[in-house]
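The lines below spell out each chain.
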Amino acid sequence: MGLGEGIWFTSGGGSLRTEGVFVSLQEPSLYTVKAILILDNDGDRLFAKYYDDTYPSVKEQKAFEKNIFNKTHRTDSEIALLEGLTVVYKSSIDLYFYVIGSSYENELMLMAVLNCLFDSLSQMLRKNVEKRALLENMEGLFLAVDEIVDGGVILESDPQQVVHRVALRGEDVPLTEQTVSQVLQSAKEQIKWSLLR
């Protein structure tokens, strides 16, 4: 093999040539998670967050969710390849948790997200991870998912940190849930402090 005949890369990481065989290389990306789903024991959606447009319409998303549920709800494995996607999943009583990535995604990274989500919810729900408790604490679920993944990028995989951050954000009572007297008192305090400056 002469100089220049072996392995070469094109600019941008597009392809690799070794002895006349071209192999496509995937560019590294932080966008590892395509979706996070929680389905009940009938396969109905309780929570779904899609981070790309693989399934742009709700109809396509629901069909995909039914397909995933039908393929996974009777098996004991934790990883599946379905429709060109890597799916890691876990079940608890009457809930099925799914984290979905592309077919070339590292299953261990996706499993870290899944375990972080499940363990965070387990702590927040006091080890009572079931449908009724989850529905009563949907705000905590939304906050936890937002702390773990943002736009498909994994931000956190430590459940202790997620629970801590959710607790901090939960202490900020939204304006819509405050009483009129609380709003007036808060406004008085802000005016007082602005005048004292």
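Please read all numbers here as calculations on a predicted model, not as lab measurements. (Residues numbered from 1 in each chain as written. Predicted model: local features only at pLDDT ≥ 70, side-chain atom pairs only at ≥ 80, totals over all residues. Heavy atoms only, no water.)

**Student:** Help me understand the sheet that holds strand β6 (residues 79-82), please; the structure alone is not making it clear to me.
**Tutor:** To summarise the sheet geometry, strands pair through backbone hydrogen bonds and adopt either a parallel or an antiparallel arrangement. The 5 strands are arranged β5-β4-β8-β7-β6 in an open sheet whose pairing can be described as antiparallel. A single partner strand is all that each edge strand has here, and the edge strands are β5 (45-50) and β6. Between one strand axis and the next, the sheet turns by 20° as a mean value, whatever way the strands run. Relative to strand β7 (residues 85-92), helix α2 (residues 107-124) is tilted by about 25°, and along the sheet it contacts β4 (35-40), β6, β7 and β8 (95-102). Against the sheet, helix α4 (residues 138-148) contacts β4 and β5, and its axis sits at roughly 25° relative to β5. (Pairing = 2+ DSSP bridges. Helix = DSSP H or I, 4+ residues; strand = E, 2+ residues; numbered from the N terminus. Axes fitted to C-alpha atoms, helices over the stretch in contact; angles between N-to-C directions. Contact = heavy atoms within 4.5 Å.)

**Student:** What am I meant to see in the nonpolar core here?
**Tutor:** In a soluble, globular protein the nonpolar side chains are often hidden away together inside. Counting 31 residues, the largest nonpolar core has Ile36, Ile38, Phe97, Leu134 and Leu141 as the members making the most contacts within it. Broken down by secondary-structure element, the contributors of at least two residues to this core are β4, β5, β8, α2, α3 (131-136), α4 and α5 (159-171). For this core, the element with the most residues is α2, which contributes 8 residues. With residues up to four places along the chain from it excluded, the contact list for Phe97 reads Leu37, Ile38, Val88, Tyr89, Lys90, Ser92, Leu114, Leu117, Phe118, Leu121 and Val129. (Core = buried A, V, L, I, M, F, W, Y, C linked by side-chain atoms within 4.5 Å. Buried < 20%, exposed > 50% of the residue type's maximum accessible area, 1.4 Å probe, protein only.)

**Student:** Looking at this model, I keep getting lost on the confidence of the model for the protein chain. Mind explaining?
**Tutor:** Summary statistics for the protein chain give a mean pLDDT of 80 and a share of 77% for residues scoring 70 or more. Segment residues 1-13: pLDDT under 50, and 19 contacts once partners within four positions in sequence are set aside and those in other chains are kept. (pLDDT = per-residue confidence, 0-100.)

**Student:** Mind showing me how you'd approach the pairing of β8 here?
**Tutor:** Regular strands place their side chains on alternate faces of the sheet. Counting buried positions along β8 yields 8 of 8 residues, so the element is predominantly enclosed. Sheet topology places β4 next to β8; 6 bridges connect them, and they run antiparallel. Paired with Ile38 across the two strands is Phe97, which belongs to β8. Linking β7 to β8, which pair antiparallel, is a turn of 2 residues; within it Ile93 sits at a positive phi near 50°.

**Student:** Help me understand the pattern of salt bridges, please; the structure alone is not making it clear to me.
**Tutor:** It is possible for side chains of opposite charge to pair when their charged atoms get near one another. In total, this model carries 9 salt bridges according to the counting rule given. The salt bridge partner of Arg132 is Glu136, with a shortest N-O separation of 3.3 Å. Here Arg132 pairs with Glu136, and both are found in helix α3, just 4 residues apart, close to one helical turn. On the accessibility criterion, Glu136 (55% relative accessible area) is exposed. When salt bridges that share partners are traced, they join Glu130, Arg132 and Glu136 into one network. (Salt bridge = Lys/Arg side-chain N within 4 Å of Asp/Glu carboxyl O.)

**Student:** What should I look at first to understand unusual backbone geometry in this one?
**Tutor:** The general pattern is negative phi for most residues beyond glycine and trans for most peptide bonds. The phi angle at Ile93 is positive, at roughly 50°, despite the residue not being glycine. When you line up the elements, Ile93 lands in the loop between β7 and β8. Although it is not a glycine, Arg126 sits at a positive phi angle of roughly 55°. Residue placement: Arg126 occurs in the loop between α2 and α3. Given a relative accessible area of 71%, Arg126 falls into the exposed group.

**Student:** Hey, could you run me through empty space enclosed by the protein in this one?
**Tutor:** A probe as big as a water molecule, rolled over the atoms, marks out the empty space that is left. This model, assessed by the stated rule, comprises 1 cavity of 30 Å³ or more. In this structure, the largest cavity encloses a volume near 40 Å³. Lys34, Ala35, Tyr50, Asp52, Thr54, Tyr55, Phe64, Leu85 and Ile100 together form the lining of the largest cavity. For the lining of the largest cavity, the class distribution of residues is 6 nonpolar, 1 polar and 2 charged. (1 Å grid on protein atoms, 1.4 Å probe; cavity = no way out; pocket = protein on both sides within 12 Å on 5 of 7 lines; lining within 4 Å. Points joined across faces, edges and corners; volume = space filled by probe spheres on them. Nonpolar A, V, L, I, M, F, W, Y, C, P; charged D, E, K, R; others polar.)

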